[in-house]
Amino acid sequence: MTQAPSSSGGISTTAFATLLLIAFMMGANHVAARLAFDHGVSVATAVAFRSTVTALVVAAILVAYRVPVALQARHRKALPAIGLLVGVQSLCLYASVARLPVALALLAFNTYPLWTALWARVGYGQRPQPRVLRAMPVMLVGLALALDVSGAASGLGASGHWARIGVGVAFALAAAATFGMALVLTQHETEGLDGRLRTATTMGTVAVMALIAATAQGGLALPTAPVGWWGLAGLTFLYGTAFTIMFTVLPKLGVVGNSAIMNIEPIFALVLAWAILGQTIAPVQVAGGLVVVATVMWLGLRKG
């Protein structure tokens, strides 16, 4: 995530509260998604609903603000690639949420800053900043604790524990890797492009991908119980509302982009998943999660 300074060099109380609200809604979105998945909704269906509505909302913002849609040649090349990457990321992250405790899926996904540094090095020859290099082992240790890599907290042993969580973790890390690559392409290939236009095209691409995936699976898999409908409606509303606030309210508050405070999302998800889904994780896993979140926030608050 990129830093979100205000024009005065800090973040106002209102902007800070708004960023917390967005983080809360994004965490709640994943809890609502798990409710939908547990009651008949497929991953592709959830992504299709969420992305279609968000694309329409952001497109309406483009029209309301009369944002010019002229694209440079490099933008026309980069946007489809970014859309495909975000589409894969969305499908993989929801696939992880469907298999893991929500907070663990988001914590594994929160390794994306490491992937961003890797892809920037591979694709553009950028050396990782010393701060990122120092953060890497700390974040990985925190993730190891959160995932209970030894299986000690679960009591299943390493092999039994990984047989249960391995696929979900793989999906989360794939989501982190593709999102990291999308961030690198966004930084280097879409300079000068309005963020609202970029988001509308990206969400439109993701919606098309999800609809194709759902069709390949036999069509949209709709909820089999009322609570599933609540989950599907909730994830769509929360995700779309969070993005709408991000692109309409935050700029007026002097916030340029996403602040590091938004990376507290897994903590909100942990509390909500406990309260709504009955999901719990061991204290050592909570400690590991706090290490991951604190490290990502420290990276996001770096200067320069």
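For the structure itself, look to the data block above.
Residues numbered from 1 in each chain as written. Predicted model: local features only at pLDDT ≥ 70, side-chain atom pairs only at ≥ 80, totals over all residues. Heavy atoms only, no water.

## Observations regarding the overall build of the chain
- Scanning the chain for helices and strands turns up 11 helices and zero strands.
- Written out in order from the N terminus, the α and β elements of the chain read α-α-α-α-α-α-α-α-α-α-α.
- Since a compact globule built from 304 residues should have a radius of gyration of about 19 Å, the 19 Å found for the chain is in line with a globular shape.
- Along the first, second and third principal axes, the C-alpha atoms of the chain reach 55 × 50 × 40 Å.
- A buried classification covers 50% of the 304 residues belonging to the chain.
- Restricting the contact set of the chain to residue pairs at least 6 apart, pairs at least 24 apart contribute 88%.
- Distance from the positive charge centre (17 side chains) to the negative charge centre (6 side chains) of the chain: 6 Å. (Helix = DSSP H or I, 4+ residues; strand = E, 2+ residues; numbered from the N terminus. Rg over C-alpha atoms; globule rule 2.2 N^0.38 Å. Buried < 20%, exposed > 50% of the residue type's maximum accessible area, 1.4 Å probe, protein only. Contact = heavy atoms within 4.5 Å. Lys, Arg positive; Asp, Glu negative; His and termini not counted. Charge placed at Lys NZ, Arg CZ, Asp CG, Glu CD.)

## Remarks on the pattern of salt bridges
- As enumerated under the stated definition, the model contains two salt bridges in all.
- Note that R196 is salt-bridged to D194, the shortest N-O span being 2.8 Å.
- Residue class for D194 comes out partly exposed when judged on its relative accessible area of 25%. (Salt bridge = Lys/Arg side-chain N within 4 Å of Asp/Glu carboxyl O.)

## Quick look at the environment of L71
- Looking at the element boundaries, L71 is found in the loop between α2 (43–64) and α3 (73–97).
- Once the C-alpha coordinates of L71 and P283 are considered, the two residues, 212 residues apart in sequence, prove to be 50 Å apart.
- When residues no more than four places from it in sequence are discounted, the contact partners of L71 are R76, L79, L193 and L197.

## What about the side chain of T116?
- Residue position: T116 is located in helix α5 (residues 112–124).
- For T116, a relative accessible area of 18% corresponds to the buried category.
- In this view, T116 contacts G180, L183 and V184; residues no more than four positions away in its chain are not counted.

## A word on the environment of R131
- Looking at where R131 falls in the secondary structure, it is placed in helix α6 (residues 130–147).
- Looking at R131, the relative accessible area reads 22%, which means it is partly exposed.

## Overview of unusual backbone geometry
- For R66, which is not a glycine, the phi torsion comes out positive at approximately 55°.
- With respect to the helices, strands and loops of the structure, R66 is situated in the loop between α2 and α3.
- By relative accessible area, R66 is classed as exposed at 76%.
- The phi angle at D148 is positive, at roughly 55°, despite the residue not being glycine.
- In this fold, D148 is placed in the loop between α6 and α7 (157–189).

## Points about the nonpolar core
- Counting 73 residues, the largest nonpolar core has I22, F37, Y94, V102, F109 and L235 as its most contacted members.
- Broken down by element, the residue count for this core peaks at 10 residues, all from helix α1 (residues 13–37).
- Not counting chain neighbours up to four residues away, the residues in contact with F109 comprise Q89, L93, A172, A175, A176 and F179.
- In terms of nonpolar packing, the next biggest core, distinct from the first, is built from seven residues, L62, L193, L197 and A200 among them. (Core = buried A, V, L, I, M, F, W, Y, C linked by side-chain atoms within 4.5 Å.)

## Some words on the packing of helix α4 (residues 102–109) against α7
- Closest axis-to-axis distance for the α4/α7 pair is 7 Å, and the angle between their directions is 35°. The two elements α4 and α7 meet at a crossing, and its hand is right-handed. Residues A105, A108 and F109 of α4 form the contact with α7, whose participating residues are A172, L173, A175, A176 and F179.
- Looking at the contact of α4 with α7, its residues break down into eight nonpolar, no polar and no charged. (Axes fitted to C-alpha atoms, helices over the stretch in contact; angles between N-to-C directions. Left-handed = near helix turned anticlockwise from the far one by under 90°. Nonpolar A, V, L, I, M, F, W, Y, C, P; charged D, E, K, R; others polar.)

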